[in-house]
Amino acid sequence: MNFLVKRFILFCLLAISFPLLAQDVVRLATTTSTYNSGLLDYLLPHFEEQHANEVQVLSVGTGQALRLGQDGDVDLVLTHAPEAEAAFVEAGHGIEPKGLMYNDFILLGPPQDQLNLYEARGVLDAFDQIRASNQTFISRGDDSGTHKKELELWNRSGGLPEFSRYQAVGQGMGRTLIMTSELQGYTLADRGTWLAMQEQLELEVVYEGGIDLANPYQVILVNPERHSGINHSGARKLQDWLVSPEAQKLIDRFSVNGEQLFYSDAQ
């Protein structure tokens, strides 16, 4: 066999192999809370050890994660904004949403909470007191699931937050917590990121509990009929594993300083 023939055969083999290798990568768009908490760094190596897939994680706000799915730039999404997720599926961008886990949102503030918000009649009353007294409030302002929940609570407590010491910073949860701590203000956070970062912060939980602060997460496949180039088989494999008994037990075992961050909730 001469040299040119060998080169031709090698070229053909590489041309066949590269698309197959590309299919081994699964692109997951998810929220900063699952990244900042350390959950995915804990979970995904278990999946990758058992399957011929590498998971590439894009950690962004829920709104941006859903837009990445809509544009076919990822294979599946893991988010926590029920209304936005329902619209994503209803519009045909996503299919087969599955409940994965939950934790809750909490209201954080300075250790010397002059408003005594732990005595509030509910989280809506707490938000109303922050607005009425013009306290410093740091909002993620990034169209994330946490930001969507925060805006919902403001609206339900009396309208948009138009007081002068309200700041929308366009940052992820970790950076928002650091800024809130530095300014000794208030913010809404997911409990997982708070537990992972609390030792770095001069903040405390000033209000928690109740159905208004529930924070469920779903994992949704991007619709392969909209985007033929996505790795649908790999995405389904990852989704199936995340809701499996094995992964659900791992979610329940994940903790920071003895505190459980998420609770399994596969349907």
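What you see is a predicted model, and the numbers here were worked out from it, not measured in a lab. Throughout this description, residue numbers start from 1 for each chain and increase along the sequence as written. For this predicted model, a pLDDT threshold of at least 70 governs which residues receive local features, and a threshold of 80 or more governs which side-chain atom pairs are given and counted, while totals over whole chains, interfaces and linings are taken from all residues. Water and hydrogen atoms were dropped before computing side-chain values, which therefore reflect all heavy atoms in the structure.

## Focus: the overall build of the chain
Argument step 1. Each helix corresponds to a stretch of at least 4 residues labelled H or I by DSSP, and each strand to a stretch of at least 2 residues labelled E; elements are numbered beginning at the N terminus. From N to C terminus, the chain includes eleven helices and twelve strands.
Argument step 2. Expressed as lengths along the three principal axes of its C-alpha atoms, the size of the chain is roughly 85 × 40 × 35 Å.
Argument step 3. Within the span of the chain, comprising 267 residues, buried residues form 49% of the whole.
Argument step 4. Taking all contacts inside the chain whose residues are at least 6 apart in sequence as the whole, residues at least 24 apart take part in 75%.
Argument step 5. With residues, only the protein chains shown are counted as cover, and all accessible areas are computed by Shrake-Rupley using a 1.4 Å probe. Carbon and sulfur atoms make up 51% of the accessible area of the chain, which totals about 12700 Å².
Argument step 6. The charge count includes Lys and Arg as positive and Asp and Glu as negative, but it does not include His or the ends of the chains. Note that the charge is assigned to NZ on lysines, CZ on arginines, CG on aspartates and CD on glutamates. Side-chain charges in the chain split into 19 positive and 35 negative, and the spacing between the mean points of these groups amounts to 6 Å. Exposure categories follow from relative accessible area, calculated using a 1.4 Å probe and restricted to protein chains: below 20% of the type maximum is buried, above 50% is exposed, and the middle band is partly exposed. Any two residues whose heavy atoms approach within 4.5 Å at even a single point are treated as in contact.

## Remarks on the packing of aromatic side chains
Argument step 1. Two rings belonging to Phe, Tyr or Trp (six-membered ring only in the last case) form a pair when the distance between their centres is within 6.5 Å. Interplanar angles under 30 degrees mark stacking, angles over 60 mark edge-to-face geometry, and anything in between is tilted. The full count for this structure, using the stated rule, is eleven aromatic pairs.
Argument step 2. Ring plane angle 85 degrees and centroid distance 6.0 Å describe the contact between Trp154 and Tyr166, whose orientation is recorded as edge-to-face. With Trp154 in helix H7 (residues 145-156) and Tyr166 in strand S6 (residues 166-168), this pair connects stretches of sequence that are twelve residues apart.
Argument step 3. The exposure class of Trp154 is buried, given its relative accessible area of 0%.
Argument step 4. For Tyr166, a relative accessible area of 15% corresponds to the buried category.
Argument step 5. Considering the side-chain rings of Phe163 and Tyr166, the 5.7 Å spacing of their centres and the 70 degrees angle between planes classify their relative orientation as edge-to-face.
Argument step 6. Taken together, the ring pairs connect Phe127, Phe137, Trp154, Phe163 and Tyr166 into an aromatic cluster.

## What to know about the layout of surface pockets
Argument step 1. Cavities and pockets are defined on a 1 Å grid built over the protein atoms alone: a cavity is a set of grid points where a 1.4 Å probe fits but cannot escape, while a pocket is an open set with protein on both sides within 12 Å along at least five of seven lines, and lining residues are those with an atom within 4 Å of any such point. Grid points are joined across faces, edges and corners, and a volume is the space filled by probe spheres set on the points. Approximately 260 Å³ is the volume attributed to the largest pocket.
Argument step 2. Lining the largest pocket we find 13 residues, and of these Ala81, Pro82, Glu83, Lys149 and Glu152 sit closest to its centre.
Argument step 3. It is H7 that contributes the most residues to the lining of the largest pocket, four residues altogether.
Argument step 4. Ten residues, namely Ala, Val, Leu, Ile, Met, Phe, Trp, Tyr, Cys and Pro, are considered nonpolar, four, namely Asp, Glu, Lys and Arg, are considered charged, and the remaining ones, Gly among them, are considered polar. The class makeup of the residues in the lining of the largest pocket is six nonpolar, three polar and four charged.

## Considering unusual backbone geometry
Argument step 1. Not every positive phi belongs to a glycine, and Asn134 is a case in point at roughly 55 degrees.
Argument step 2. Tracing the backbone shows Asn134 in the loop between helix H6 (123-132) and strand S5 (137-139).
Argument step 3. Here Asn134 falls in the partly exposed class, since its relative accessible area comes to 25%.
Argument step 4. Phi angles above zero are rare outside glycine, and Asn257 is one such case at about 50 degrees.

## Examining the nonpolar core
Burial of nonpolar side chains together is a common tendency in soluble globular proteins.
Argument step 1. Counting residues in each nonpolar core, the largest one holds 36 residues, and the members touching the most others are Leu76, Met101, Leu177, Leu238, Leu242 and Phe262.
Argument step 2. When residues in this core are grouped by element, the largest group, five residues, is from helix H3 (residues 39-50).
Argument step 3. Among the nonpolar cores identified, the runner-up in size contains 19 residues, and Ala120, Ala126, Leu153 and Trp154 belong to it. Nonpolar cores were defined as sets of buried Ala, Val, Leu, Ile, Met, Phe, Trp, Tyr and Cys residues, with membership established by side-chain atoms within 4.5 Å.

## Details of the environment of Val89
Argument step 1. Mapped onto the fold, Val89 is located in helix H5 (residues 82-90).
Argument step 2. Residues Val89 and Ala214, 125 residues apart in the sequence, show an inter-C-alpha distance of 21 Å.
Argument step 3. Ignoring anything within four residues of it in the chain, the contact list for Val89 reads Gly94, Pro97 and Ile220.

## Structural notes on the environment of Tyr42
Argument step 1. Tracing the backbone shows Tyr42 in helix H3.
Argument step 2. By relative accessible area, Tyr42 is classed as partly exposed at 25%.
Argument step 3. Taking the C-alpha atoms as reference points, Tyr42 and Leu250, 208 residues apart in sequence, are found 8.6 Å from one another.
Argument step 4. Apart from residues no more than four positions distant in its own chain, Tyr42 is found in contact with Leu250, Arg253 and Phe254.

## So, the environment of Ser37
Argument step 1. Here Ser37 lies in the loop between helix H2 (32-36) and H3.
Argument step 2. On the accessibility criterion, Ser37 (5% relative accessible area) is buried.
Argument step 3. With 203 residues separating them along the chain, Ser37 and Asp240 place their C-alpha atoms 22 Å apart.
Argument step 4. Setting aside chain neighbours within four positions, we find Ser37 in contact with Gly192, Thr193, Ala196, Phe254, Val256, Leu261 and Phe262.

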